[in-house]
Every structure is written in structure tokens, then in C-alpha cells.
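Letter by letter, the chains look like this.
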Amino acid sequence: MAEVPMSPEDELSLVELVNRVLDKGAVVSGDVTISVAGVDLIYVGLRLVVSSVEAMRDRANLGPKPP
Amino acid sequence: VTLYTYCILPGGRQPPETLTGIAGAAVEAVSAGDVACWASHLPELPGGGADVAREHNAVVVAAMDREVTPVPLRFGQIFPDRDALVSAVGARSSDWLELLGRFARRAEYGIRVARAEADTARDVHPARAESGTAYMAALARRQADESGRREEGERIGRLIRERAGSLITDARLEFAAGARGIVSLAHMVAWNDADAYHALLQNMRSEMTDLRFLYTGPWPPYSFVE
């Protein structure tokens, strides 16, 4: 069956959903095992906030390099 | 086998028997003091991607009704067994109860505010500059643009809250990226006030024609927990 392209509204809803589910929501305890987007078994120390892959990418992008 | 967690609810709230979560797994309520955590036994760790995000969210949404709004848990939190889950959730029982009281009979709504037209002159890319001087100038323009955009985002956020008054019981604000994006807002609104809230936003949209307002929701209150 041919794939139906996503409408801009669907894309927006998906972006909003992924932003919320991966980046937000309560963390039960600092000492839990996390599996996010293939980055399995990241052990998180007490009180360390867990980031989603999206947030990690953002932080990895440290801005433009001078020419 | 691991226990994958979705949300926290008042004690005794059972999921529908037909509800399934990540990878089609059954969902059960694990009691921990005065609250319950909806969770699934998974034979292996979940992968990433939009599908599992949807499956996670579907369980949290299934836990919402007009009276009870769950505390949504962030994607990907697993526990080795029931005892570990009960211990971790039970240790913060008072926190969960406080949040459940604050969220009851309410939902989160999202608004993305963007410019109607991309301002290409302000869409500066210092990395494309061909000299050090041009790089520094482009960097200065970008910083000025970001500062202006933040002020505009804060102003829009304040304006909506002032006009909405008690329709909005809590709010969060994030600054947006890109040539058009200005700000992303999250509001907690009572189910009973949702129609009035949307009518207010429609009025503001018709007044501010240089901006685009994109609405989403209702959502579980992901943006209102840490």
C-alpha cells in the first residue's frame, strides 16, 4: 500500500508529541535505567536529569565555527 | 524482562483490560502507597522513534478523564522488577499527590507562535561568512535577533495570560528556533474552560495577522512536571 504523506498539521502534532514524550514528563528517580531511541541502558546518577536524544543533539550543536 | 512505566495516578485507578502499551504489551496498575503507576512488562528494552512515543502517549491519554489527570512520566523509564518500582514511586508519594491535585480536571494545551513570513534578512548564518569580520558581524546580528525574538515571545506570552486571566491556571514558555519561530507556550486549562480559552485565542489570532498561531492539545501535562 502506498504511503500517505503527512499533512503539516500531522507533522506539527508529531513534533509536539515527540517533544513532550521524550523531553518532558516526570522522572521517577535519578537512579533509573533509561532506554531512549536506541541509546540503551544509559545509567543515570542520582538527581541527574535525563535528556532525550533531541536535547542531546541540541547540546552537541555548539554553534557555528569561525571561518 | 523489565517494567516500563507510563504515568502516575491516584491509588486504585485500573487501566482498561484492552489497553496496550509499548510493543502491544498489557498495561497494569502497580500500587505504591496512595498512588498507582501504570506499567508494562516488556521482554526487551524499547527502541526509539515516533511509534514508541505514540504508544507511550496513548497509555497516558487513556488514563485521562474529566476528573483525573495523570502525572505523565518521561519516555524510557524502566525498572528491573516490581519492588524497585514500588520503592522509587512510593518514596515520592507526597509529590505525586500534590501534582495530581494540581492537575485534576485540567489538561495542557500548546501554542506555537511564529511569524507569518520568514524574515530572511534576520535569518543570519555566521558559519557561511567569508571572512572573520563578516563572521563577527553576522554573529552580532544573530545575537540581536535572538534577543529581540525573546522579548517578543515574552510579550506575547504575557499578553495571552493577561487576557485569559483565570482561564489559564499555569503556563510555561520556550523560545523557538528557525527563521519564523518565536515562542512555544504551554497552558494548563480546566476542561470546563476549554471553549472559552479557544475562543480567546481565535480572537487574538484575528487581531495579530503578522503572526501564525498553531494550536495543539489537549495533552497530558508533560510540560508541567520535572
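The structure reproduced in this document is the subject of the present report. (Residues numbered from 1 in each chain as written. Chains lettered and ligands numbered in written order. Predicted model: local features only at pLDDT ≥ 70, side-chain atom pairs only at ≥ 80, totals over all residues. Heavy atoms only, no water.)

With respect to the overall build of chain B
- A tally of regular secondary structure across chain B gives five helices and nine strands.
- Counting from the amino terminus, helix and strand elements in chain B follow one another as β-β-β-α-β-β-α-α-β-α-β-β-α-β.
- Along the first, second and third principal axes, the C-alpha atoms of chain B reach 60 × 45 × 30 Å.
- Residue burial in chain B is summarised as follows: out of 226 residues, 47% are buried.
- As presented, chain B carries roughly 10700 Å² of accessible surface, and 49% of it is formed by carbon and sulfur atoms.
- Averaging the coordinates of the 25 positive side-chain charges in chain B and doing the same for the 30 negative ones gives two points 6 Å apart. (Helix = DSSP H or I, 4+ residues; strand = E, 2+ residues; numbered from the N terminus. Buried < 20%, exposed > 50% of the residue type's maximum accessible area, 1.4 Å probe, protein only. Areas by Shrake-Rupley, 256 points an atom, 1.4 Å probe, with all protein chains shown as cover. Lys, Arg positive; Asp, Glu negative; His and termini not counted. Charge placed at Lys NZ, Arg CZ, Asp CG, Glu CD.)

Examining the pattern of salt bridges
- Going through the model one piece at a time under the given rule, you end up with 13 salt bridges over all chains.
- Note that Asp65(B) and Arg13(B) form a salt bridge whose closest N and O atoms lie 2.7 Å from each other. On the criterion of sequence distance, the pair formed by Asp65(B) in the loop between α1 (50-62) and β4 (71-72) and Arg13(B) in the loop between β1 (2-10) and β2 (28-32) is long-range, its members being 52 residues apart.
- Salt bridges sharing common partners tie together Glu16(A), Arg20(A), Glu108(B) and Arg112(B). (Salt bridge = Lys/Arg side-chain N within 4 Å of Asp/Glu carboxyl O.)

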